[in-house]
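A closer look at the structure
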Amino acid sequence: MSLEHDALARSFADICLKAAIEVMDVYDSGFVVTSKDDRSPVTAADTRAEAVILEALAKVMPGVPVLAEESFSAGFRPDIEREFLLVDPVDGTKEFINRNGEFTINIALISGRVPVAGCVYAPALKRIYLGGRAGLSGDAAPGSRLDDATLAPLKARVMPETERVAVMSRSHADERTRAFALSQGAAAAVNAGSSLKFCLVAEGKADLYPRFGPTMEWDTGAGHAVLIAAGGSVTGPDGSPFLYGKTEQGYLNGCFVARGRLPSAPDSHVRL
Ligand SMILES: Nc1ncnc2c1ncn2[C@@H]1O[C@H](COP(=O)(O)O)[C@@H](OP(=O)(O)O)[C@H]1O
Ligand SMILES: [Mg+2]
């Protein structure tokens, strides 16, 4: 089962690398920004990349329901089962529009309400992160195949007692988030767009990522998979489990805190 999740993360990575061709074509050639019903911005990159991802996922995991950002915005409501896929074709759309490179392509598998495999790919930065049983990261160009030679194990660092580094949203940070980070011993803050924040914790460049502003399940599933594979965790601010498949609340996440390795945590993690 665990090996299967590593293999799945790899197929998600290949799908992200393929979808990145569409994303970067739009990014490099200029684009029109339109507003969705919820007034969030969208470009042709989101819809074109999502089409590529959905077609590929239907071959890799036929019959598994997919909750994807643009299809959801268009009104599609899949019947969520114990296993389902989450897709965010361009997370960090504001960063995409601002052309700072901090946007990602995200695919995750949820099983029993927790992420078990995921891939986060930042095509402009050419960085890829995989989470299955193990975490991996490396450099990869849009349109390329995943190359083992460029991948290295991903390990979150043990949270230091002092001088912790917090990473927060570049476009949606607020005072409550900053106050919480301070209360958790953060001595420095970094800002980043998209699910890259989970990846910064996963690679030991930050210790915590508090999020009190709204996010959707497809924004967090893949980054969450990467982080737990690297030995970190995601919980509610009170330590409660952070679960997926929240149909009754329209797949809107509550507040959460992503953390690196806890001082007492064993080297390997246990999944539900
Ligand atoms: N008011 C709101 N309601 C729901 N989600 C919101 C939101 N404001 C921001 N987000 C989510 O936050 C994501 C961006 O996070 P960040 O600020 O960390 O980059 C957005 O992803 P998209 O860019 O895919 O739309 C969006 O889903
Ligand atoms: Mg998103």
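What counts, and where the lines are drawn
Residues numbered from 1 in each chain as written. Chains lettered and ligands numbered in written order. Predicted model: local features only at pLDDT ≥ 70, side-chain atom pairs only at ≥ 80, totals over all residues. Pairing = 2+ DSSP bridges. Helix = DSSP H or I, 4+ residues; strand = E, 2+ residues; numbered from the N terminus. Axes fitted to C-alpha atoms, helices over the stretch in contact; angles between N-to-C directions. Contact = placed C-beta atoms within 7 Å. Domains from an automatic or database assignment. Near = placed C-beta within 6 Å. Nonpolar A, V, L, I, M, F, W, Y, C, P; charged D, E, K, R; others polar. UniProt positions renumbered as here; feature names shortened; annotations may be inferred. Buried ≥ 20, exposed ≤ 12 C-beta atoms within 10 Å, placed from the backbone. Expected span 1.5 Å × (residues − 1). Arc of directions from axis to C-beta. Right-handed = clockwise from strand over helix to strand, strands pointing away.

**Here we look at the sheet that holds strand β9 (residues 151–153)**
As summarised here, the arrangement of the 7 strands in space is β3-β4-β5-β6-β7-β8-β9, forming an open sheet in which the pairing is mixed. Looking at the sheet topology across the chains shown, the edges are occupied by β3 (66–68) and β9. The mean inter-strand angle of the sheet, taken between neighbouring strand axes irrespective of direction, is 15 degrees. Looking at chain direction, strand β7 (residues 127–131) and strand β8 (residues 135–139) are connected through 5 bridges and run antiparallel. In the strand pairing of β8, Leu130 is matched with Leu136. Contacts from helix α2 (residues 44–60) reach β3, β4 (83–91) and β5 (104–111), with the element oriented near 150 degrees to β4. The sheet contacts of helix α7 (residues 217–229) involve β3, β4, β5, β6 (114–122), β7 and β8, and relative to β6 the element is tilted by about 100 degrees.

**Brief notes about the domain arrangement of the protein chain**
Examined at the domain level, the protein chain breaks down into domain 1 (2–153) and domain 2 (164–259). Averaged C-alpha coordinates put domain 1 and domain 2 at centres separated by 18 Å. Listed by partner, the interface residues are 37 residues for domain 1 and 28 residues for domain 2. Contributions of two or more residues to the side of domain 1 that touches domain 2 are made by β3, β4, α4 (93–98), β5, β6, β7 and β8. Here the element with the most residues in the side of domain 1 that touches domain 2 is β6; it accounts for 8 residues.

**Details of the site of ligand 1**
In the vicinity of ligand 1 there are 17 residues, among which Thr93, Ser169, His172, Gly193 and Pro214 approach most closely. With 3 residues, the single largest contributor to the shell around ligand 1 is β4. For the shell around ligand 1, a count of residues per class yields 3 nonpolar, 10 polar and 4 charged. Two domains each provide a minimum of three residues to the shell around ligand 1, namely domain 1 (2–153) and domain 2 (164–259).

**Overview of the UniProt feature "binding site: substrate" (unreviewed entry) in the protein chain**
Taken from the UniProt record, the annotation "binding site: substrate" (unreviewed entry) applies to Glu69, Val90, Asp91, Gly92, Thr93 and Asp219. These annotated residues cover 151 residues of sequence, and their C-alpha atoms all fall within 12.3 Å of one another, placing them together at a single site. Relative to the helices and strands, Asp91 is located in strand β4. According to the C-beta neighbour criterion, Asp91 is buried, with 27 such atoms within 10 Å. Asp91 has contacts with Phe103, Thr104, Asn106, Ser194, Ser195 and Asp219, leaving out every residue within four places of it along the chain. Examined against the element boundaries, Gly92 turns out to sit in the loop between β4 and α4. When near neighbours in sequence (up to four residues on either side) are disregarded, Gly92 contacts Glu102, Phe103, Thr104, Gly193 and Ser194.

**Details of α2**
Counted at 1.5 Å a residue, the expected span for α2 with its 17 residues is 24 Å, and the 25 Å between its end C-alpha atoms agrees. Listing the buried residues of α2 in full gives Ala45, Asp46, Ala49, Glu50, Ile53 and Leu57. In a view along the axis of α2, the buried residues occupy a sector of 110 degrees, so they form one face of it. Opposite the buried face of α2, at more than 90 degrees from it, the exposed residues are Glu55, Ala58 and Lys59.

**A closer look at α7**
With 13 residues, α7 should cover 18 Å at 1.5 Å per step; its first-to-last C-alpha distance of 18 Å lies within 8% of that length. The buried fraction of α7 amounts to 13 of the 13 residues, a majority that puts the element mostly inside the structure. Two residues or fewer after α7 comes Gly231, characterised by a positive phi angle close to 100 degrees.

**Comments concerning the pairing of strand β10 (residues 164–169)**
The element β10 is extensively covered by neighbouring structure, given that 6 of its 6 residues are classed as buried. For β10 and strand β11 (residues 186–192), the ladder comprises 6 bridges, and the chain directions are parallel. Pairing of Arg164 across the sheet is with Ala186, part of β11. The parallel pair β10 and β11, bridged by helix α5 (residues 175–183), forms a crossover whose chirality is right-handed.

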